[in-house]
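Listed below are the residues making up each chain.
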Amino acid sequence: MKNQNQQQLTIIAAMVVVAVVAVGIFIFLSRSSAASGSDIDYSSLVQTRTEDGAFIVGNPDAPITIVEFADFMCPHCQAYHSTVSRIMEELVLTGQARFEYRMLPTQDISPFVGQVAECAADQYEGGFFPIHDELFRIGNSSRITNEIGRRIAEEFDLDYAELLSCTQEAEQVTIDQRLANRLGVQGTPAIRVRYGDSEATAISETYARGSVPYEVIEAAVNNAQ
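Residues numbered from 1 in each chain as written. Predicted model: local features only at pLDDT ≥ 70, side-chain atom pairs only at ≥ 80, totals over all residues. Heavy atoms only, no water.

### Observations concerning the layout of surface pockets
In plain terms, the rule: Throughout, the protein atoms alone are placed on a 1 Å grid, and a set of points is a cavity if a 1.4 Å probe fits but cannot get out or a pocket if it is open with protein on both sides within 12 Å along at least five of seven lines; lining residues have an atom within 4 Å of a point. Grid points are joined across faces, edges and corners, and a volume is the space filled by probe spheres set on the points.
The volume enclosed by the largest pocket comes to roughly 200 Å³. Around the largest pocket, the lining residues are Thr50, Glu51, Asp52, Ile56, Thr65, Arg98, Glu100, Arg194, Gly196 and Asp197.

### Quick look at the packing of helix H4 (residues 128-141) against helix H5 (residues 148-155)
In plain terms, the rule: Fitted lines through C-alpha atoms serve as axes, helices being fitted only where they are in contact, and the angles separating the N-to-C directions of these axes extend from 0 to 180 degrees. Put simply, DSSP marks the helices as runs of H or I at least four residues long and the strands as runs of E at least two long, and each gets a number from the N terminus on. Any angle that falls under 35 degrees is termed roughly parallel, while one over 145 is termed roughly antiparallel, one within 65 to 115 roughly perpendicular, and all others oblique. Crossings are assigned a handedness: left-handed for a near helix turned anticlockwise from the far helix by less than a right angle, right-handed for a clockwise turn. Contacts: residue pairs with any heavy atoms within 4.5 Å of one another. Residue polarity follows a fixed list, in which Ala, Val, Leu, Ile, Met, Phe, Trp, Tyr, Cys and Pro are nonpolar, Asp, Glu, Lys and Arg are charged, and the others, Gly among them, are polar.
Two elements in contact, H4 and H5, have axes whose closest approach is 12 Å; the angle formed by their N-to-C orientations is 125 degrees. As judged from the angle between their axes, H4 and H5 are oblique. The crossing of H4 and H5 is right-handed. Here H4 contributes Ile131, Glu134, Leu135 and Ile138 to the contact with H5, which in turn contributes Ile148, Arg151, Ile152 and Glu155. Grouping the constituent residues of the contact of H4 with H5 by class yields five nonpolar, no polar and three charged.

### Examining the state of the cysteines
Quick note on the threshold: Note on terminology: disulfide denotes any pair of cysteine sulfur atoms within 2.5 Å.
A complete count under the given rule lists one disulfide for this structure. Paired by a disulfide, Cys119 and Cys166 hold their sulfur atoms 2.1 Å apart. With the S-S bond torsion at -80 degrees, the cross-link from Cys119 to Cys166 turns out left-handed. You can see Cys119 sitting in helix H3 (residues 110-123) and its partner Cys166 sitting in helix H6 (residues 160-167), a full 47 residues away along the chain.

### A closer look at the environment of Met103
Note the cut-off: With a 1.4 Å probe rolled over the protein chains alone, any residue whose accessible area is under 20% of its type maximum counts as buried; one over 50% counts as exposed, and the rest are partly exposed.
By secondary structure assignment, the location of Met103 is in strand E4 (residues 98-103). Given the relative accessible area of 3%, Met103 is considered buried. Between the C-alpha atoms of Met103 and Gly114, which are 11 residues apart in sequence, the distance is 6.5 Å. Those residues within four positions of Met103 in sequence are excluded, and the remaining contacts are Phe55, Ala70, Phe72, Gly114, Ala117, Gln172, Val173, Asp176 and Gln177.

### Regarding the side chain of Asp71
Selection rule: In the analysis that follows, any N or O atom pair within 3.5 Å is treated as a polar contact, provided that within protein one partner can donate a hydrogen and the other can accept it, and provided that, for residues neighboring in sequence, both atoms belong to side chains.
Within the secondary structure, Asp71 is located in the loop between strand E3 (64-70) and helix H2 (75-92). Looking at Asp71, its side chain comes within polar contact range of the side chain of Ser110, at 2.7 Å. Aside from chain neighbours lying at most four places away, what touches Asp71 is Cys77, Tyr101, Leu104, Pro105, Thr106, Gln107, Ser110, Phe136 and Thr188.

### With respect to empty space enclosed by the protein
Within the structure shown, the criterion is met by one cavity of 30 Å³ or more. By volume, the largest cavity amounts to about 50 Å³. Those elements that provide at least two residues to the lining of the largest cavity are E4 and H3. Of the residues assigned to the lining of the largest cavity, the class counts are seven nonpolar, two polar and one charged.

### Some thoughts on the pairing of E4
Rules: Any two strands with at least two DSSP-identified bridges between them are counted as paired.
Counting buried positions over the six residues of E4 gives six, a clear majority of the element. Side chains of E4 alternate between two faces, with Arg98, Glu100 and Arg102 and Phe99, Tyr101 and Met103 buried alike. Direction of pairing for strand E2 (residues 55-58) relative to E4: antiparallel, over a ladder of four bridges. In the strand pairing of E4, Gly58 is matched with Arg98. Direction of pairing for E3 relative to E4: parallel, over a ladder of six bridges. In the sheet register, Thr65 faces E4, and the bridge partner there is Arg98.

Structure (structure tokens):
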């Protein structure tokens, strides 16, 4: 009887250990997912480019467009990407707003990474924004090098030689940088909003620089409806 009780206690203890490990794994995976941003299905969204070439996603009839000036290489932008994912899920997927991404380089390699993103989008049928999300995931997990073009080409099944050739002439980074200078954007990430076809402006003087909390953006979107 004593041996039987010991066996039962051993089994119970093992079950407790397994349960604790399972909970720990779940918490770890949840935190990892939150850090990298959720996977978004863009297939139901309209992806286009503005007249000057910027990448935009969402309901063409939405009354407001959220414009982000950011850099895939910027640590602050990488940290803010979880907020961008929430904007996509709760405001863009629901048709209330569109999202426009402007590339503003902050590091030596940043212009090349932006050129890779632009040229990859030219080849990839899924559009720019899956590539956009992948670049932020890579930036969060490791240092981006000049091999980023090959990595993106392999990830999205693209022609690497064509991708590299395209980067020699890609100009969107330069166009976006000029717009940022004209609008007085300083630092990344920076958020602007556009009502209808008007020029992008800051939500308020308080948020003219730096990242903007989701709740502030949500309020601006609600007011525009």
